[in-house]
Amino acid sequence: QRPAYSSENAQVKLTASVSLGGVTKTKEFTFTVLADISAQQKLSAAMQEVTYESINALNPSSVTANISLPKNGAYNTVISWSSSDDGVITSDGTVTRGSETKTVTLTAKFSADGEDNTKTFELTVPLNPKAMAQFDADSVTIENSGSIEEDIDLSSKGGEYRSAISWESLNP
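Below, the structure is looked at part by part. The shown structure was predicted, so the numbers you read here are calculated from the model rather than taken from an experiment.

Conventions we followed
- Residues numbered from 1 in each chain as written.
- Predicted model: local features only at pLDDT ≥ 70, side-chain atom pairs only at ≥ 80, totals over all residues.
- Heavy atoms only, no water.
- Helix = DSSP H or I, 4+ residues; strand = E, 2+ residues; numbered from the N terminus.
- Rg over C-alpha atoms; globule rule 2.2 N^0.38 Å.
- Buried < 20%, exposed > 50% of the residue type's maximum accessible area, 1.4 Å probe, protein only.
- Contact = heavy atoms within 4.5 Å.
- Areas by Shrake-Rupley, 256 points an atom, 1.4 Å probe, with all protein chains shown as cover.
- Lys, Arg positive; Asp, Glu negative; His and termini not counted.
- Charge placed at Lys NZ, Arg CZ, Asp CG, Glu CD.
- Salt bridge = Lys/Arg side-chain N within 4 Å of Asp/Glu carboxyl O.
- 1 Å grid on protein atoms, 1.4 Å probe; cavity = no way out; pocket = protein on both sides within 12 Å on 5 of 7 lines; lining within 4 Å.
- Points joined across faces, edges and corners; volume = space filled by probe spheres on them.
- Nonpolar A, V, L, I, M, F, W, Y, C, P; charged D, E, K, R; others polar.
- Phe/Tyr/Trp six-rings, centres within 6.5 Å; stacked < 30°, edge-to-face > 60°.
- Pairing = 2+ DSSP bridges.
- Axes fitted to C-alpha atoms, helices over the stretch in contact; angles between N-to-C directions.

**A few points about the overall build of the protein**
Within the protein, the secondary structure is distributed over two helices and eight strands. When the elements of the protein are put in sequence order from the N terminus, they spell out β-β-α-β-β-β-β-α-β-β. Whereas a compact globule of 172 residues would reach a radius of gyration of roughly 16 Å, the protein reaches 30 Å, over 25% beyond that. Dimensions of the protein, computed from C-alpha atoms along their principal axes, come out at roughly 110 × 45 × 20 Å. The buried share of the protein, reckoned over its 172 residues, is 24%. Put simply, 53% of the contacts in the protein that link residues at least 6 apart link residues at least 24 apart. For the protein, the computed accessible surface area is about 12,000 Å², with 48% contributed by carbon and sulfur atoms. The positive charge centre, built from 13 side chains, and the negative charge centre, built from 22, are 19 Å apart in the protein.

In C-alpha cells, the structure reads:
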C-alpha cells in the first residue's frame, strides 16, 4: 500500500528466495514506493483525461450519435454525469434527435477521497432528418406560380439542409 498523501516516500526491500534440490539462493530488490497524491491531484488528472474526443463528441456543434460517458477516471476517480436536457442527451450518453436543434450542457462530477470537482461540456444536437426534410419542404417556393408564361428553373436541391428535390408534373 502506498504511503498516505503528505507522508514520505517509503523504501521497501523485497527478498526472493529460490530453492531447488536443497540449495537456496536469495536476491534482494529495493524499491521506493511513492506517497499517494492528493485528492485534488487525482481529480485534476481524471478531468484532463475526459475530453470531447474521449467521449466520442468529435464535433460538439453537431452530435448525431450516442456518446461514451466514462464512469471511472484516473486514480480510481468516480465520474457521475448529469444533463441539462435528458430528452436530448441522457446521463448515460444516449442521444435523441428531435424536431428542433438543441444545445445541451453535460456536467461530469469527479469524486476522489471525499472531494469533488466538475467539468462541463456544451453539445449541440441537430434536429432529426425527418424534421430537416420537412423544414426544407416548407421552404420550397415557385415564383409567380399562379400564371406561368415561360420556362421556370426548378432546383434539385433546396432549403437550409440542402435536401434533394424531385419534381413531377401532372400535365407534362
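**What about the pattern of salt bridges?**
A full pass over the atoms with the stated rule returns six salt bridges. With a shortest N-O distance of 3.1 Å, D36 and K42 are connected by a salt bridge. In this structure, K102 engages D85 in a salt bridge whose closest nitrogen and oxygen atoms are separated by 3.7 Å. In this pair, K102 sits in strand β5 (residues 102-112) while D85 sits in the loop between β4 (77-83) and β5, placing the two residues 17 residues apart along the sequence. Taking relative accessible area as the criterion, D85 reaches 22% and is therefore assigned partly exposed. Members of the salt-bridge network, linked through shared partners, are R2, D36, K42 and D113.

**With respect to the layout of surface pockets**
By volume, the largest pocket amounts to about 190 Å³. Grouping the constituent residues of the lining of the largest pocket by class yields six nonpolar, four polar and three charged.

**A few points about the packing of aromatic side chains**
Under the criterion given, the structure shown has two aromatic pairs. For the ring pair Y52 and F121, a centre distance of 5.1 Å and an interplane angle of 85° mean the geometry is edge-to-face. In this pair, Y52 is assigned in the loop between α1 (39-49) and β3 (72-73) and F121 in strand β6 (residues 115-125), connecting sequence segments 69 residues apart. Residue Y52 is classed as partly exposed on the basis of its relative accessible area of 29%. Ring geometry for W81 versus F121: centroids 5.8 Å apart, planes at 40°, classification tilted. Placement of the pair is W81 in strand β4 and F121 in strand β6, with a sequence separation of 40 residues. Each member of the pair W81 and F121 is classed as buried. Put simply, the rings of Y52, W81 and F121 touch in pairs and so form one group of aromatic residues.

**Focus on the sheet that holds β3**
Spatial strand order, β3-β4-β5-β6: four strands in an open sheet with antiparallel pairing. Every other strand in the sheet has two partners, leaving β3 and β6 as the edge strands with one partner each. Of the strand pairs in this sheet, β5 and β6 are connected by eleven bridges, and their pairing is antiparallel. Pairing of A108 across the sheet is with K119, part of β6. Those strands touched by α1 are β3, β4, β5 and β6, and its axis lies near 15° from that of β6.

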